[in-house]
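Here's the letter readout for the chains.
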Amino acid sequence: MGKTLFEKVWDRHVVDSVEGGQEILYIDKHLIHEVTSPQAFDGIRKRGIDIFRKERIVATADHNVPTKDQHLPIKDYLSRLQVDTLTQNCEEFGIELFGLGHKYQGIVHVIGPELGITKPGMTIVCGDSHTSTHGAFGAIAFGIGTSQVEQVMATQCLLVQRPKTMRITIDGELGKGIYSKDIILYIISKLSTSGGTGHFVEYAGSAIRSLSMEARMTICNMSIEMGARGGMIAPDETTFEYIKGRKHAPEGEKFDKAVAYWSSLYSDDDAVFDKEYTFSAEDIEPMITYGTNPGMGIGVTQSIPTKDEVKSPAALAKSLEYMGLQEGEKLLGRKIDHVFIGSCTNSRIEDLRIVADYVKGKKKAPHINAMIVPGSKQVEAQAIEEGLHEILFDAGFELRGPGCSACLGMNEDKIPKGEYCVSTSNRNYEGRQGPGARTMLVSPLTAAIIAVEGHVVDAREFINDGELV
Amino acid sequence: MEKFKTLTSTVVPLAVQDVDTDQIIPARFLKATTREGFGENLFRDWRYDQEGNPKPDFVLNQNTYSGSILVAEDNFGCGSSREHAAWALVDYGFRAVVSSFFADIFKGNALNNGLLPVQVSPEFLKAMFAEINKDANTPVTINLEEQTIEIDGTDLKENFEISSYKKMCLLNGYDDIDFLLSNKDKIEAFEQSHQEF
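Worth saying up front: this structure is predicted, and the values here are computed from it rather than measured.

## Quick word on the overall build of chain A
For chain A, the helix and strand inventory stands at 15 helices and 21 strands. Relative to a compact globule of 469 residues, whose C-alpha radius of gyration would be 23 Å, chain A shows 21 Å and is just as compact. For chain A, the spread of C-alpha atoms along the principal axes amounts to about 55 × 55 × 50 Å. Here chain A, with 469 residues, has 67% of them falling under the buried criterion. Looking at chain A alone, contacts between residues at least 24 apart form 76% of all its contacts between residues at least 6 apart. Each charge sign in chain A was given a centre, from 50 positive and 64 negative side chains, and these centres are 3 Å apart.

This is how it looks when you write it as structure tokens:
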């Protein structure tokens, strides 16, 4: 029997199998940030041991950093303490850090790929559930807790139960104005927030193959939102082309050798998955969420479900009360207060280009606060080089410095209580963007159009003959 | 890590499904650099209003319910991987969480902190909520050695699953790092033959 992509990569990293179904899995790359690492460093100190393979760790500050005046000391004492603690820990243990002010600083899942750290066939972990992003390159990448961060620091390994496998195939051609964010919101709305639990997902099919690396990252990024351990896509020419020439990419003969190996990373025809789902790209509309978890999404022309249409009426009622919405209601035309474009889901250069392309020569609606937070210093630099920052500025958008920002509201970037924020991020939980904030998840294009129009729209109505209008 | 053998306690019922870790501990309270003190902000935005006053309708603010077992509806602990969620529950005083389904990362984090996730059938969960509704002082007994959960004074009893390795760890208070460190020779040998591109 053939092997799945997941099995090919996983099997190459098993150090040993342990009684009780656990395996010792070797980790090629460990990414760390300021929020989930301090207690792990403390643990290492308390055990009186050193970090086992410090050259396999890369650190950045992202969750807690301000996105304004990044050159000044952080105002919030606790945030500053956490960021300073990361710097001190990295100095003490000799770990490479792309801290605040560094030209490579940014959201951990944005900088890994753009620096060529993320490569096919690797195992990558980070104390952050959106580590699944790196799976877009055909790597096994997943989020871990802080005790596991300490495990990897101590031994470069994790003791884990092998997850089951799932394949989600999307065949067909995406309609105009439909982006990878719509694909993943659609999938999660079908599978629910727990539909992927216990599984590692492979995304396949012609619609997936046609996507850029940035778009693939958006899909893999949100695998956790259906409960999956991670998501991955078999590497191909698009992948190799993206990696080539990046800072940590292999060069010359080494690159060719790597490509030869990477090309073997796909699911064999006779490989068997524990679960399979197939969807048609033609069925996917621009998506928007109406509730308080990422599974509560609908096509933008659809109505919010009624109590009779859902498994748990109580959960629907609780969500809608929080969101200030009614069952059976349509969201089209609903007034929005804030637009947030950013997060490890949609803050890459391609996302900023999509937004700038639409808002060029237009103005945001007067009542809208529109904020763009690039994923990294490199994305920021490129946006400036391409003149995107001027387009965005002229349209009335506020362009900030890189960080996780209003995706989770750990810094001061929060949405006020009761106000509606259309967001390109990944989670719409109660209070995620600030206490009482009401989040609706959408694609970057939908967010850009809403910023200009001031209310919920169907992005397809703003496209003529394939051109934005 | 504290050992876990058997636990008998009254329970705190949280009749909510898909409880995500952002609710268990919101991101703005993740700024500490130690593991202690997170219990104070457990379920912060459900427990307190914006002025910091306790919301009387939230279960942790009701004197009726207390104990070291939390029981919640389906899919507990989804979302963010923050281990702070497990730390907050433990810091508050919980030793076990009962639900009909747990999200993967939360389950692993809980087990690494001596907090036992007990997955029961939807029927058992329903019966459990019903018994607590009838009498808030109903004690529940969890026996890790036997892998059973029992509502005392009733014939409601069910077995639960746990990996034999994790069970051994909890019974003895061991953690994964002790185990992995004892396998360092194997890890170094693996590295010799591990080819990377």
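## Digging into the overall build of chain B
Along its length, chain B carries 8 helices and 8 strands. Over its C-alpha trace chain B gives a radius of gyration of 18 Å, about what one expects of a compact globule, namely 16 Å for 197 residues. In terms of overall dimensions, chain B has a C-alpha envelope of 60 × 45 × 30 Å along the principal axes. With 197 residues in all, chain B has 58% of them scored as buried. Contacts in chain B between residues at least 24 apart in sequence constitute 64% of all its contacts with a sequence separation of at least 6. Summing over all exposed atoms, chain B offers an accessible surface of approximately 8200 Å²; the carbon and sulfur share of this is 45%. Each charge class in chain B was averaged separately, 18 positive and 32 negative side chains, and the resulting centres sit 3 Å apart.

## A closer look at the interface of chain A and chain B
Contact with chain A, which involves 73 residues of that partner, is made by 57 residues of chain B. Note on chain A versus chain B: buried area summed over both sides is about 5200 Å², and carbon and sulfur give 57% of it. When the shortest N-O distance is used, the salt bridge between A:Arg53 and B:Glu191 registers 2.7 Å. Scanning the region where chain A abuts chain B turns up 30 residue pairs in polar contact (both at pLDDT 80 or more). Of all the secondary-structure elements, those providing two or more residues to the side of chain A that touches chain B are β1 (14-17), β2 (22-26), α2 (38-47), α3 (77-93), α5 (146-155), β8 (157-161), α10 (252-262) and α11 (313-323) of chain A. For the side of chain A that touches chain B, the element with the highest residue contribution is α5(A), accounting for 7 residues. Each residue belonging to the side of chain A that touches chain B can be placed in one class, and the counts come to 25 nonpolar, 28 polar and 20 charged.

## A closer look at the sheet that holds strand β6 (residues 123-126) of chain A
Residue and element names in this part refer to chain A. Strand order in the open sheet formed by 5 strands is β5-β4-β3-β6-β7, with parallel pairing between adjacent strands. Every other strand in the sheet has two partners, leaving β5 (96-98) and β7 (140-143) as the edge strands with one partner each. Averaged over all adjacent pairs, the angle separating strand axes in this sheet is 20°, with direction ignored. Bridge count between strand β3 (residues 29-32) and strand β4 (residues 57-60): 3 bridges; the pairing is parallel.

## A look at the domain arrangement of chain A
All names here are of chain A. With domains assigned, chain A is organised as domain 1 (5-275) and domain 2 (287-458). Opposite the 42 residues of domain 1 that make contact, domain 2 presents 45 residues. A buried area of about 3400 Å², summed over both sides, lies between domain 1 and domain 2, and 58% of it is on carbon and sulfur atoms. Here domain 1 and domain 2 share 2 salt bridges between them. A salt bridge links lysine 68 to glutamate 398; the nearest nitrogen and oxygen atoms lie 3.9 Å apart. The interface formed by domain 1 and domain 2 holds 22 residue pairs in polar contact (both at pLDDT 80 or more) in total. Contributions of two or more residues to the side of domain 1 that touches domain 2 are made by α4 (108-114), α6 (180-191) and α8 (213-221). In terms of residue count, α6 provides more of the side of domain 1 that touches domain 2 than any other element does, 6 residues in total. When its residues are assigned to classes, the side of domain 1 that touches domain 2 shows 16 nonpolar, 18 polar and 8 charged.

## Notes on the pattern of salt bridges
This structure, assessed with the given rule, holds 37 salt bridges over all chains. Between B:Arg95 and B:Glu2 there is a salt bridge; the shortest N-O distance is 3.3 Å. Here B:Glu2 lies in the segment before β1 (6-9) and B:Arg95 lies in the loop between α3 (84-92) and β4 (96-99), a separation of 93 residues in the sequence. For B:Arg35, the salt bridge is made with B:Glu83, and the minimal N-O distance between the two is 3.7 Å. Taken as a pair, B:Arg35 in the loop between α1 (21-24) and α2 (44-47) and B:Glu83 in the loop between β3 (69-72) and α3 lie far apart in primary sequence, 48 residues in all. Relative accessible area serves as the criterion here: at 0%, B:Glu83 is assigned to the buried category. Put simply, A:Arg47, A:Glu150, B:Arg35, B:Glu83, B:Asp175 and B:Asp178 are held in one network by salt bridges that share partners.

## Topic: the environment of A:His199
By the element assignment, A:His199 lies in strand β10 (residues 199-204). Owing to a relative accessible area of 6%, A:His199 belongs among the buried residues under this scheme. For the pair A:His199 and A:Thr165, spaced 34 residues apart in sequence, the C-alpha separation works out to 5.2 Å. Each residue touching A:His199, except ones within four places of it in the same chain, is listed here: A:Pro163, A:Lys164, A:Thr165, A:Met166, A:Ala228, A:Arg229, A:Gly230, A:Asp274, A:Lys275 and B:Asp104. A distance of 3.0 Å separates a polar side-chain atom of A:His199 from the backbone oxygen of A:Thr197.

## Regarding the side chain of A:Asn411
All names here are of chain A. When you line up the elements, asparagine 411 lands in the loop between β17 (398-399) and β18 (420-423). A residue is classified by how much of its surface remains accessible, and asparagine 411, at 2% relative accessible area, is buried. One polar contact links the side chain of asparagine 411 to the main-chain amide nitrogen of aspartate 413, over a distance of 2.9 Å.

## Quick look at the pairing of strand β9 (residues 164-171) of chain A
Residues and elements named next belong to chain A. Of all 8 residues in β9, 6 are buried, a share of seventy percent or more. Chirality of the crossover, the property in question, places the unit of β9, α6 and β10 among those that are right-handed. Taken together, the 6 bridges between β9 and strand β12 (residues 275-280) define a ladder with parallel strand orientation. If you follow threonine 169 over to β12, its bridge partner there is threonine 278.

Conventions adopted
- Residues numbered from 1 in each chain as written.
- Chains lettered and ligands numbered in written order.
- Predicted model: local features only at pLDDT ≥ 70, side-chain atom pairs only at ≥ 80, totals over all residues.
- Heavy atoms only, no water.
- Helix = DSSP H or I, 4+ residues; strand = E, 2+ residues; numbered from the N terminus.
- Rg over C-alpha atoms; globule rule 2.2 N^0.38 Å.
- Buried < 20%, exposed > 50% of the residue type's maximum accessible area, 1.4 Å probe, protein only.
- Contact = heavy atoms within 4.5 Å.
- Lys, Arg positive; Asp, Glu negative; His and termini not counted.
- Charge placed at Lys NZ, Arg CZ, Asp CG, Glu CD.
- Areas by Shrake-Rupley, 256 points an atom, 1.4 Å probe, with all protein chains shown as cover.
- Buried area = accessible area lost by both parts, 1.4 Å probe.
- Salt bridge = Lys/Arg side-chain N within 4 Å of Asp/Glu carboxyl O.
- Polar contact = N/O pair within 3.5 Å; in protein donor to acceptor, adjacent residues only side chain to side chain.
- Nonpolar A, V, L, I, M, F, W, Y, C, P; charged D, E, K, R; others polar.
- Pairing = 2+ DSSP bridges.
- Axes fitted to C-alpha atoms, helices over the stretch in contact; angles between N-to-C directions.
- Domains from an automatic or database assignment.
- Right-handed = clockwise from strand over helix to strand, strands pointing away.

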